[in-house]
Amino acid sequence: MPKVIFLPNEEFCPEGMVVDAAAGDNLLELAHNAGVEIHHACDGSCACTTCHVIIREGFDSLNETSDQEEDMLDKAWGLEMDSRLSCQCIVGEEDLVVEIPKYNLNHANEAAH
């Protein structure tokens, strides 16, 4: 059973968090279910970049990015080679280490789940 390790983020999980996952879980939904309220202005429809994360370990175990996700990622603040939109990430068989960037382009925070 893979684990998802969320690195400390001042706003979303100040002390970091380790969450048990299952292959096939959606990363954004997994985060929200664990109380890590990553922004999601488009409600997970791959129409914004507010759920942008950086996969520090386990990137290759995730599903491949779609053309739509790649186009959206081009607009993300702080884009890195291992950036993904968490709403589009499907957990594979390996553990993940996830960094939530300090900033994003969200102008209006969504209500907590």
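Quick caveat, the model's predicted, so the values are computed rather than measured.

### Brief notes about the overall build of the protein
If you tally the helices and strands in the protein, you get 2 helices and 5 strands. Going from N to C terminus, the protein has its helices and strands arranged as β-β-α-β-α-β-β. Taken across its 113 residues, the protein has 43% of its residues classed as buried. In the protein, of all internal contacts separated by at least 6 residues, the share reaching a separation of at least 24 is 67%. Carbon and sulfur atoms make up 47% of the accessible area of the protein, which totals about 6,200 Å². When the 5 positive and 23 negative side-chain charges of the protein are each reduced to one mean point, those points stand 5 Å apart.

### Some points on the nonpolar core
If you look at the biggest cluster of nonpolar residues, it comprises 26 residues, and the most contacted ones within it are Val 4, Phe 6, Leu 27, Val 36, Ile 38, Leu 96 and Val 98. Sorting the residues of this core by element identifies β1 (3-6), α1 (27-33), β3 (52-57), α2 (67-73) and β5 (96-99) as the ones contributing at least two each. Of all the elements, α1 adds the most residues to this core, at 4 residues. Setting aside chain neighbours within four positions, we find Phe 6 in contact with Cys 13, Gly 16, Met 17, Val 19, Leu 27, Ala 31, Val 36, Ile 38, Val 98 and Ile 100.

### Regarding the pairing of β1
Burial along β1 is one-sided: Val 4 and Phe 6 are buried, and none of Lys 3 and Ile 5, which face the opposite way, are. Bridging between β1 and strand β2 (residues 17-20) involves 4 bridges; their strand directions are antiparallel. Within β2, the position partnered with Val 4 by the bridge is Val 19. In this structure, β1 lies alongside β5, joined through 3 bridges in parallel fashion. Each residue of the ladder has a partner; that of Ile 5, found in β5, is Val 97.

### Let's talk about the side chain of Asn 26
If you trace the backbone, Asn 26 turns up in the loop between β2 and α1. A polar contact of 3.0 Å, which involves the side chain of Asn 26, links it to the backbone nitrogen of Leu 28.

### Points about the pattern of salt bridges
It is possible for side chains bearing opposite charge to pair when their charged atoms get close. This model, assessed by the stated rule, comprises 4 salt bridges. Notably, a salt bridge pairs Lys 3 with Asp 20, separated by 2.5 Å at the nearest N-O pair. Residue Lys 3 is located in strand β1, and its partner Asp 20 is located in strand β2; the two are separated by 17 residues in the primary sequence. The salt bridge partner of Arg 84 is Glu 69, with a shortest N-O separation of 2.8 Å. Here Glu 69 lies in helix α2 and Arg 84 lies in strand β4 (residues 83-85), a separation of 15 residues in the sequence. Judged on exposure class, the residue Arg 84 and its partner Glu 69 are both buried. By sharing partners, the salt bridges in this structure join Arg 56, Glu 80 and Glu 99 into a single network.

Criteria and cut-off values
- Residues numbered from 1 in each chain as written.
- Predicted model: local features only at pLDDT ≥ 70, side-chain atom pairs only at ≥ 80, totals over all residues.
- Heavy atoms only, no water.
- Helix = DSSP H or I, 4+ residues; strand = E, 2+ residues; numbered from the N terminus.
- Buried < 20%, exposed > 50% of the residue type's maximum accessible area, 1.4 Å probe, protein only.
- Contact = heavy atoms within 4.5 Å.
- Areas by Shrake-Rupley, 256 points an atom, 1.4 Å probe, with all protein chains shown as cover.
- Lys, Arg positive; Asp, Glu negative; His and termini not counted.
- Charge placed at Lys NZ, Arg CZ, Asp CG, Glu CD.
- Core = buried A, V, L, I, M, F, W, Y, C linked by side-chain atoms within 4.5 Å.
- Pairing = 2+ DSSP bridges.
- Polar contact = N/O pair within 3.5 Å; in protein donor to acceptor, adjacent residues only side chain to side chain.
- Salt bridge = Lys/Arg side-chain N within 4 Å of Asp/Glu carboxyl O.

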